[in-house]
Every structure is written in structure tokens, then in C-alpha cells.
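Chain by chain, the residues run as shown.
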Amino acid sequence: MSGVSLPVNRPTGRAIVVGSAGCRAAAVQTLRGLGYQSAEADDPYSAAAELARRSMTYRVMILCLNSLYREELAFIASIKHRYPHIDIWLSQTDGRAAALAEALRLGADGLLSDDGPHRFAMAEQLAGAMSEKSPAIAAMPQPKPAARPEGAEGPRPMVKVFAESPISDPVLTADELRALLQEPSRPMPDSHEK
């Protein structure tokens, strides 16, 4: 019995590319070379509608910065909060340094160049380094790091946890709730008595 093995070309995933038609072409070509299937959207609003319909279909979103207004970059934080499984890559960044810094602050994952994606270093570290270079912060005296005792662990890296909505009310333990429910209710003072 002879065996035949055929190559399997599975796509890496699906990506949605946001920007004008001229800006999207280079990003779509790069993604095809990496094995991604691409969907295209002219603006962040139609991309958000597509993600709302089929969010688990997409793994990557490419934003062409030359096609977006700076106010539309708030879209990045919304996508990262609502769909944390989607990586957001930026393309067409030439001449858009302020928009690039804003996108980084809002949670973009990296840049897409002709040779593929390049992930940013930890965003918190980069944002901190950028703020340290401002003249007001540079003029302030910097605190000296505290000496660590031997055998103590160093600082642990921060990990972002994404939740649908933050808990705004305090949470009671089971014992506290039982005690609260067993307490007799207090009589309400009558507002007509003086």
C-alpha cells in the first residue's frame, strides 16, 4: 500500500484591513503573503459593524493611519476592550508620529511593514519612557530605588485583564450577606414627627 502526502495550506486566520482603497492594497498584499484571508473596510465604523456580526472570525485588524482622523483612534481602545483576542496592527504610519503615539497609548499591538508584523515592546514601558522625556518630569528629582533584601523577587510585569464591564459595587462575602439578611430592619423615622 503506497501513501501519498499532499501539502496542506491552511490559512493563518482572517484579518480586517481598515482604510481607503489605496492604503489597503499594500497591507492586503502583505497579509496574503503571510497566509491571512483579508476583509476590507473603508472606515472604522463599518469595521466595527463587521466585528459585531462576526467577532470570533477575525484574529487581526490592520489600521491604515493615513486614512483615519486622530479622533477615530479611540476605536482602538474600544476594540481592545470588547474583543481582546484581536491584535491591532498599524500601517501607513509615515508622517503620522502623533497618531502613532496615540494609537500606542490606546493599545495597538504593533506595526505592519512590507516584511510582516512587528510587535511593540510593552506599551506601559514605552509610554512611561515617553513621559519621562518631557521637560517638566525631567526637572523633578527622581526617587532612588529601595534596596532589596537578598533572595527577594524583582517586580513582576503588569498583565492587563480585560473584562466586559468593571465591577462597580462592593461584593459581600456569604457570611456578611447572611448577617445582613438576619439583622432586624431598622424603623424608618417619621418625617412628620418633630
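Residues numbered from 1 in each chain as written. Predicted model: local features only at pLDDT ≥ 70, side-chain atom pairs only at ≥ 80, totals over all residues. Heavy atoms only, no water.

Notes on unusual backbone geometry
Look at Gln92: it is not a glycine, yet its phi comes out positive at around 55°. You can see Gln92 is positioned in the loop between β4 (87–91) and α4 (97–106). Given the relative accessible area of 29%, Gln92 is considered partly exposed. (Helix = DSSP H or I, 4+ residues; strand = E, 2+ residues; numbered from the N terminus. Buried < 20%, exposed > 50% of the residue type's maximum accessible area, 1.4 Å probe, protein only.)

Things to note about helix α3 (residues 74–82)
Looking at α3, one finds that the buried residues are Phe75, Ile76, Ile79 and Lys80. Across the axial projection of α3, the buried residues extend over an arc of 130°, all falling on one side. Contacts from the buried residues of α3 go to α2 (44–53), β3 (58–64), β4 and α4. (Arc of directions from axis to C-beta. Contact = heavy atoms within 4.5 Å.)

Overview of the pattern of salt bridges
By the definition in use, this model includes nine salt bridges. Arg119 serves as the salt-bridge partner of Asp87, at 3.3 Å between the closest nitrogen and oxygen. Taken together, the positions of Asp87 in strand β4 and Arg119 in strand β6 (residues 116–119) put the pair 32 residues apart, joining distant regions of the chain. Between Arg119 and Asp109 there is a salt bridge whose closest N-O contact spans 3.8 Å. Taken together, the residues span a long stretch of sequence, with Arg119 in strand β6 and Asp109 in the loop between α4 and β5 (110–113) at a distance of ten residues. By relative accessible area, which is 52% here, Arg119 ends up exposed. On the accessibility criterion, Asp109 (13% relative accessible area) is buried. Bridged by salt links that share partners, the residues Lys80, Asp87, Asp109 and Arg119 form one connected network. (Salt bridge = Lys/Arg side-chain N within 4 Å of Asp/Glu carboxyl O.)

Concerning the environment of Gly107
Residue placement: Gly107 occurs in the loop between α4 and β5. Residue classification places Gly107 among the buried positions, given a relative accessible area of 14%. Counting along the chain gives 31 residues from Gly107 to Ile76, while the straight-line C-alpha distance between them is 6.5 Å. In contact with Gly107, not counting residues within four places along its chain, are Ile76 and Lys80.

Remarks on the environment of Glu71
As for its placement among the helices and strands, Glu71 is situated in the loop between β3 and α3. With relative accessibility at 66%, the residue Glu71 sits in the exposed group. With 28 residues separating them along the chain, Glu71 and Ala99 place their C-alpha atoms 9.3 Å apart.

Examining the pairing of strand β2 (residues 36–41)
Examined bridge by bridge, strand β1 (residues 13–18) and β2 share six bridges and lie parallel to one another. Counted as the bridge partner of Ile16 is Ala39 from β2. Each parallel crossover has a hand, and for β1 linked through helix α1 (residues 21–34) to β2 it is right-handed. (Pairing = 2+ DSSP bridges. Right-handed = clockwise from strand over helix to strand, strands pointing away.)

Observations regarding the nonpolar core
Counting 25 residues, the largest nonpolar core has Met61, Leu63, Ile76 and Leu90 as its most contacted members. At the level of elements, β1, β2, α2, β3, α3, β4 and α4 are the ones that each hand at least two residues to this core. With four residues, α4 is the single largest residue contributor to this core. When near neighbours in sequence (up to four residues on either side) are disregarded, Met61 contacts Ile16, Val18, Ala47, Leu51, Phe75, Ile86, Asp87, Ile88 and Trp89. Counting twelve residues, the second largest nonpolar core, distinct from the first, contains Val28, Val60, Ile62 and Leu112. (Core = buried A, V, L, I, M, F, W, Y, C linked by side-chain atoms within 4.5 Å.)

Description of the side chain of Thr30
With respect to the helices and strands, Thr30 occurs in helix α1. The exposure class assigned to Thr30 is buried, which follows from its relative accessible area of 12%. Discounting residues that sit within four places of it in the chain, Thr30 has contacts with Leu112, Ser113, Asp114 and Gly116.

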